[in-house]
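# What the coordinates show
Spelled out from the first residue to the last, the chains are:
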Amino acid sequence: MGVFSLLFLAVALAMDAFSAAVTDGLTVKDIRARDALKIGAFFGIFQFIMPCIGNFLSSFAASYIESVDHWIAFILLSVLGVNMIIESQKEQEIKKNPLGVTTLLFMAVATSIDALAAGVTLAAVNTPIILSSVIIGITAFIFSFSGVFIGKRFGALLGSKAEIAGGIILILIGIKTLMEHLSLY
């Protein structure tokens, strides 16, 4: 796979992480550069790791991974999105922290499952996995870091509806992932 093809793949894989980062920027009041770095790091690291895992598993589990990856992403993102919408309707003194390690972990895994499948593909076309994964991870970091600030800008415009918008975005990412795989998109 050529450099330009790899860059296009990295950008395509980063889109879900970017959208999820925009959601964090929408919903977290007073989000700081340190938070954007944390979000970018979670998404970047998982986007780096997952193609490596997919590449490793390619020899004996490729068909199984590709047959369920879309369902896993759909379920995780939908659960997170629905939960975010439900939480926005409750009056709570202490809200769930969308920057918590558990939440970021679930979002990073859900948005990088397609990178796992990409690792299988990269193995099939004999592309160096470490270099590919580094490019994919750095791209996801940059897009996620930037997405936080884009979300922050729109969050200021949406006000109290930002958490609902964020939940809807996560659900739509999950549906898009499922539809793309099922060729309904």
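Residues numbered from 1 in each chain as written. Predicted model: local features only at pLDDT ≥ 70, side-chain atom pairs only at ≥ 80, totals over all residues. Heavy atoms only, no water.

### Focus on the overall build of the protein chain
A tally of helices and strands in the protein chain yields five helices and zero strands. Ordered by position from N to C terminus, the α and β elements of the protein chain give α-α-α-α-α. Going through the 185 residues of the protein chain one by one, you find that 45% of them count as buried. If you take every contact in the protein chain between residues at least 6 apart in sequence, the share linking residues at least 24 apart comes to 90%. (Helix = DSSP H or I, 4+ residues; strand = E, 2+ residues; numbered from the N terminus. Buried < 20%, exposed > 50% of the residue type's maximum accessible area, 1.4 Å probe, protein only. Contact = heavy atoms within 4.5 Å.)

### What about the environment of Ala-20?
In this structure, Ala-20 sits in helix H1 (residues 3-27). Residues Ala-20 and Leu-104, spaced 84 residues apart in sequence, show a C-alpha to C-alpha distance of 9.6 Å. Not counting chain neighbours up to four residues away, the residues in contact with Ala-20 comprise Phe-43, Met-107, Thr-111, Leu-170 and Ile-173.

### Focus: the confidence of the model for the protein chain
Detail in the predicted coordinates should be disregarded across regions flagged by low pLDDT. Residues at a pLDDT of 70 or more form 84% of the protein chain, whose mean pLDDT is 82. Of all secondary-structure elements in the protein chain, the lowest mean pLDDT belongs to helix H5 (residues 162-181), at 77, while helix H4 (residues 129-158) reaches the highest, 90. (pLDDT = per-residue confidence, 0-100.)

### What to know about the pattern of salt bridges
By the definition in use, this model includes two salt bridges. Among the salt bridges present, the one from Lys-176 reaches Asp-16, with a minimum N-O distance of 3.4 Å. Separated by 160 residues along the polypeptide, Lys-176 in helix H5 and Asp-16 in helix H1 bring together distant segments of the chain. On the basis of relative accessible area, Asp-16 is assigned to the buried category, the value being 5%. Among the salt bridges present, the one from Arg-32 reaches Asp-35, with a minimum N-O distance of 3.5 Å. (Salt bridge = Lys/Arg side-chain N within 4 Å of Asp/Glu carboxyl O.)

### As for the environment of Gly-54
Counting through the fold element by element, Gly-54 comes out in helix H2 (residues 33-89). For the pair Gly-54 and Ile-113, spaced 59 residues apart in sequence, the C-alpha to C-alpha distance is 9.3 Å. Sequence-distant contacts of Gly-54, defined by excluding residues within four places in its chain, comprise Leu-116, Gly-119 and Val-120.

### Focus on the packing of aromatic side chains
Following the criterion strictly, the structure yields three aromatic pairs and no others. Judged by centre distance (5.3 Å) and plane angle (70 degrees), the ring pair of Phe-145 and Phe-149 falls under edge-to-face. Placement of the pair is Phe-145 and Phe-149 together in helix H4, with a separation of four residues, close to one helical turn. Taken together, the aromatic side chains of Phe-141, Phe-145 and Phe-149 make up a single cluster linked through ring pairs. (Phe/Tyr/Trp six-rings, centres within 6.5 Å; stacked < 30°, edge-to-face > 60°.)

### Here's the deal with the nonpolar core
The biggest cluster of nonpolar side chains holds 20 residues, and the ones touching the most others in it are Ile-31, Ile-39, Phe-43, Met-107, Val-148 and Leu-170. Broken down by secondary-structure element, the contributors of at least two residues to this core are H1, H2, helix H3 (101-124) and H5. Take this core: its biggest share by element is seven residues, from H2. For Ile-39, the contacting residues outside a window of four places in its chain are Ala-21, Asp-24, Ile-31, Leu-99, Leu-104, Ser-144 and Val-148. One finds Ala-10, Met-50, Ala-118 and Leu-122 within the second-largest nonpolar core, a separate group that totals 13 residues. (Core = buried A, V, L, I, M, F, W, Y, C linked by side-chain atoms within 4.5 Å.)

### Describing the side chain of Ser-144
Structurally, Ser-144 is set in helix H4. Since its relative accessible area comes to 0%, Ser-144 is described here as buried.

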